[in-house]
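Spelled out from the first residue to the last, the chains are:
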Amino acid sequence: MNLCVIGTGYVGLVTGTVFADLGNKVICCDKDESKIRMLQEGKMPIYEPGLEEMVEKNVLDGRLVFSTDIANAVRESETIFIAVGTPPGSDGFADLSAVESVAKIIAQNLNDYKVIVNKSTVPVGTGDFVREVVEKNKSNGVSFDVVSNPEFLREGSAINDTLYPDRIVIGAPSNNVAMRILELYAPLERPMIITDVYSAEMIKYASNAFLSTKISFINAIACICEAVGADVIQVAKGMGYDKRIGADFLQAGLGYGGSCFGKDNSCLVQTAKKYGYNFELLQSVIDINNEQPKRFVDKIRNVLGSLKDKKIGILGLAFKPNTDDLRDAKSLEIIPQLLADGAEVSAYDPIAMDNTHKVFPNIKYCNNAYDAAKDVDALLLVTEWNEFKFLDLARVKEIMRKPIIFDGRNLYDPSSMRKLGFDYYPIGRPPVICSNKETE
Ligand code: UGA
């Protein structure tokens, strides 16, 4: 099938590349010339494991091209995927201006029947909105349909998630239209749900809201665990074995970040409000999430006392491992609080330091985790990169000024930390205090 994907962010670029890999002819387009130039030169504008190789292969095989000529891409394609950004607007809703301008270009280039697919995360009713914009701006009688096909890929595992999705959701106005999209996904042999457009749009928001709820729920339980002396890892394990609950997304920590959960939750709260429902449950999920980094810094203050002139090392800056994405990263909330208290910050992240440098030009960036730990009064684990799991912690202890670790992601094993002689403060687990013993 001849396709085009408009928007070369995480969703657009990965979706387009995977469709090409499945044998379709795909034009990935974007109005951002520098991005398209990079892609034409074989350079990736985002870090995503496995993407570069898959792009290269499909470009060489002639199935994948990159272009800024969106009008031409629309004319050449039977099916058009809209995968442009829908950033949060000031009113909490998603800003649909990019979707609207793409819909206008599609309208002006409607040379044949086309299926227009909303792939971006868009509020319920956006299918109708796209249909109206295209109807209003087209200059001929050519017909078209609008489908909702939300994306569930995660950053850092986007290729794998697209090749092996848990489900594929197709919201279409009729079965015939749904079949065209179903055909595209058929080679993946994954479960498919064919439904109406509103329900498909809602499935996306409800899924992200539910995942966020699991995270905030376990973080709330972690707070109570800390107060009563229970261990949230054991609690989550005990809960997760129940198939009705499931073990995923029950990792207590600094809270969820990234470009999706925060934005989508506030959009769903606002959508509910618009239709007269006060979604207090989801608002609490958001509030709990906002509290987590503050509680973390308060814990550091309680243990270290004044942070003025204290040296603090940070491991991990990205919003989660395997990405250089800083959007809504907890480091962006924690670092300013430390700096405001007068602390000196040194930081290391395997790939997100360039992006962080743009936000905090004046903190110290280190070549590796050991440099970040050198001479510090405390080390904070903010993003659980795999390489931090395998640090030589005896060496880390040796080079720190004081052996105190605040683990925001529960990466380390408390009993090993005790053996090594650290003061260790995880989330929702009893802390390990060795320094008192030494002075006893
Ligand atoms: C999320 C969803 O998982 C995807 O299904 C969805 O397609 C995507 O949003 C989107 O709407 O575009 P993503 O934001 O890439 O994907 O990242 P996740 O892996 O879901 O992690 C989100 C945040 O939750 C991260 O900050 C992570 O550290 C945190 N998290 C995750 C926890 O704190 N605890 C957990 O148990 C799991």
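Shown above is the structure to which this text applies.
Computed from a prediction, not measured in an experiment: that's the story for all the values here. (Residues numbered from 1 in each chain as written. Predicted model: local features only at pLDDT ≥ 70, side-chain atom pairs only at ≥ 80, totals over all residues. Heavy atoms only, no water.)

Visitor: Describe in detail the overall build of the protein chain, supporting the description with residues and values.
Guide: A tally of helices and strands in the protein chain yields 19 helices and 14 strands. For the protein chain, whose C-alpha radius of gyration is 24 Å, the value lies close to the compact-globule estimate of 22 Å for 440 residues. By principal-axis analysis of the C-alpha atoms, the protein chain measures approximately 85 × 50 × 40 Å. A buried classification covers 52% of the 440 residues belonging to the protein chain. Within the protein chain, residue pairs in contact and separated by at least 24 positions form 72% of the contacts whose partners lie at least 6 positions apart. Element-wise, carbon and sulfur atoms account for 51% of the exposed surface of the protein chain, whose accessible area totals about 19,900 Å². With 49 positive and 59 negative side-chain charges, the protein chain shows a separation of 3 Å between the mean positions of the two kinds. (Helix = DSSP H or I, 4+ residues; strand = E, 2+ residues; numbered from the N terminus. Rg over C-alpha atoms; globule rule 2.2 N^0.38 Å. Buried < 20%, exposed > 50% of the residue type's maximum accessible area, 1.4 Å probe, protein only. Contact = heavy atoms within 4.5 Å. Areas by Shrake-Rupley, 256 points an atom, 1.4 Å probe, with all protein chains shown as cover. Lys, Arg positive; Asp, Glu negative; His and termini not counted. Charge placed at Lys NZ, Arg CZ, Asp CG, Glu CD.)

Visitor: Break down the environment of Asn 208 for me, with residues and values.
Guide: With respect to the helices, strands and loops of the structure, Asn 208 is situated in helix α9 (residues 197–228). Separated by 53 residues in sequence, Asn 208 and Phe 261 have C-alpha atoms that sit 6.0 Å apart. Excluding residues within four positions of it along the chain, Asn 208 makes contact with Cys 260, Phe 261, Asp 264 and Asn 265. Among the polar contacts made by the side chain of Asn 208, one reaches the side chain of Asp 264 at a distance of 2.8 Å. (Polar contact = N/O pair within 3.5 Å; in protein donor to acceptor, adjacent residues only side chain to side chain.)

Visitor: Provide a residue-level description of the state of the cysteines, including the pertinent values.
Guide: Taken as a whole, this structure holds 0 disulfides when the rule is applied. Sulfur of Cys 4: no disulfide; nearest cysteine sulfur belongs to Cys 29 and is 4.8 Å away. What makes Cys 4 buried here is its relative accessible area of 0%. Free of any disulfide, Cys 223 has its nearest cysteine sulfur in Cys 225, 9.1 Å distant. Judged by relative accessible area, Cys 223 falls into the partly exposed class, the value being 21%. (Disulfide = S-S within 2.5 Å.)

Visitor: With reference to specific residues and values, describe the environment of Lys 308.
Guide: Relative to the helices and strands, Lys 308 is located in the loop between α12 (280–304) and β9 (311–315). Lys 308 sits in the exposed class, given a relative accessible area of 55%. Sequence spacing of Lys 308 and Leu 339 is 31 residues, and the spatial spacing of their C-alpha atoms is 8.7 Å.

Visitor: How would you summarise the side chain of Asp 231 if you had to cite specific residues and measurements?
Guide: In this fold, Asp 231 is placed in the loop between α9 and α10 (232–240). At 2.9 Å, the side chain of Asp 231 and the backbone nitrogen of Ile 233 are in polar contact. In terms of polar contacts, Asp 231 uses its side chain to reach the side chain of Arg 429, at 2.8 Å. Residues in contact with Asp 231, not counting those within four places in the same chain, are Cys 225, Gly 428, Arg 429 and Pro 430.

Visitor: I'd love a proper account of the pairing of strand β1 (residues 2–6), names of residues and values included.
Guide: Of all 5 residues in β1, 4 are buried; the element is thus mostly enclosed. Looking at chain direction, β1 and strand β2 (residues 25–29) are connected through 5 bridges and run parallel. For Ile 6, the partnering residue across the bridge sits in β2 and is Cys 29. With respect to chirality, the unit in which β1 leads through helix α1 (residues 10–21) into the neighbouring parallel β2 is right-handed. (Pairing = 2+ DSSP bridges. Right-handed = clockwise from strand over helix to strand, strands pointing away.)

Visitor: Explain empty space enclosed by the protein residue by residue, including any values.
Guide: On inspection of all chains with the given rule, the structure shows 2 cavities of 30 Å³ or more. In this structure, the largest cavity is lined by 13 residues; those nearest its centre are Lys 119, Glu 151, Pro 165, Ile 168 and Tyr 185. Elements with a contribution of two residues or more to the lining of the largest cavity: α7 (158–163) and β7 (168–171). Taken as a whole, the second largest cavity encloses approximately 50 Å³ of empty space. (1 Å grid on protein atoms, 1.4 Å probe; cavity = no way out; pocket = protein on both sides within 12 Å on 5 of 7 lines; lining within 4 Å. Points joined across faces, edges and corners; volume = space filled by probe spheres on them.)

Visitor: Describe the site of the ligand, and please don't skip the residues or the numbers.
Guide: Taken together, 20 residues sit near the ligand, with Phe 152, Leu 153, Glu 155, Lys 204 and Cys 260 positioned nearest. In this structure, Glu 155 approaches the ligand through a main-chain N or O atom, which is 2.8 Å from an oxygen atom. Burial of the ligand by the surrounding chains reaches 91%, relative to a free accessible area of 710 Å². For the shell around the ligand, the secondary-structure elements that each account for two or more residues are α9 and α11 (261–274). For the shell around the ligand, the class distribution of residues is 9 nonpolar, 4 polar and 7 charged. (Near = heavy atom within 4 Å. Nonpolar A, V, L, I, M, F, W, Y, C, P; charged D, E, K, R; others polar.)

Visitor: Could you give an account of the nonpolar core, with specific residues and numbers?
Guide: Within the largest apolar cluster, 62 residues are counted, with the highest numbers of intra-cluster contacts made by Leu 338, Leu 380, Phe 388 and Tyr 412. With residues up to four places along the chain from it excluded, the contact list for Tyr 412 reads Leu 315, Leu 381, Phe 388, Lys 389, Leu 391, Leu 393, Asp 407, Met 417, Tyr 424 and Arg 429. Counting 37 residues, the second-largest nonpolar core is a separate cluster that includes Val 26, Val 147, Leu 163 and Ile 170. (Core = buried A, V, L, I, M, F, W, Y, C linked by side-chain atoms within 4.5 Å.)

Visitor: Run through α11, naming residues and quoting values.
Guide: Compared with an ideal rise of 1.5 Å per residue, which puts 14 residues at 20 Å, α11 spans 20 Å between its outermost C-alpha atoms and is within 8% of the ideal. Listing the buried residues of α11 in full gives Phe 261, Lys 263, Asp 264, Asn 265, Cys 267, Leu 268, Val 269, Thr 271 and Ala 272. Those residues of α11 that are buried are in contact with α9 and α12. At the exit of α11 stands Gly 276, carrying a positive phi of roughly 90°. (Expected span 1.5 Å × (residues − 1).)

Visitor: Lay out the sheet that holds β9 in plain terms, naming residues and giving numbers.
Guide: Taken together, the 6 strands give an open sheet; going across it, the order is β11-β10-β9-β12-β13-β14, and neighbouring strands pair in parallel fashion. One side of each edge strand has no neighbouring strand; the edge strands of this open sheet are β11 (364–365) and β14 (423–425). The sheet contact formed by strand β13 (residues 404–407) and β14 spans 3 bridges and is parallel. Its bridge partner lying in β14, Phe 406 is registered against Tyr 425. The sheet strands contacting α12 are β9, β12 (378–381), β13 and β14, and the helix crosses β13 at an angle near 165°. (Axes fitted to C-alpha atoms, helices over the stretch in contact; angles between N-to-C directions.)

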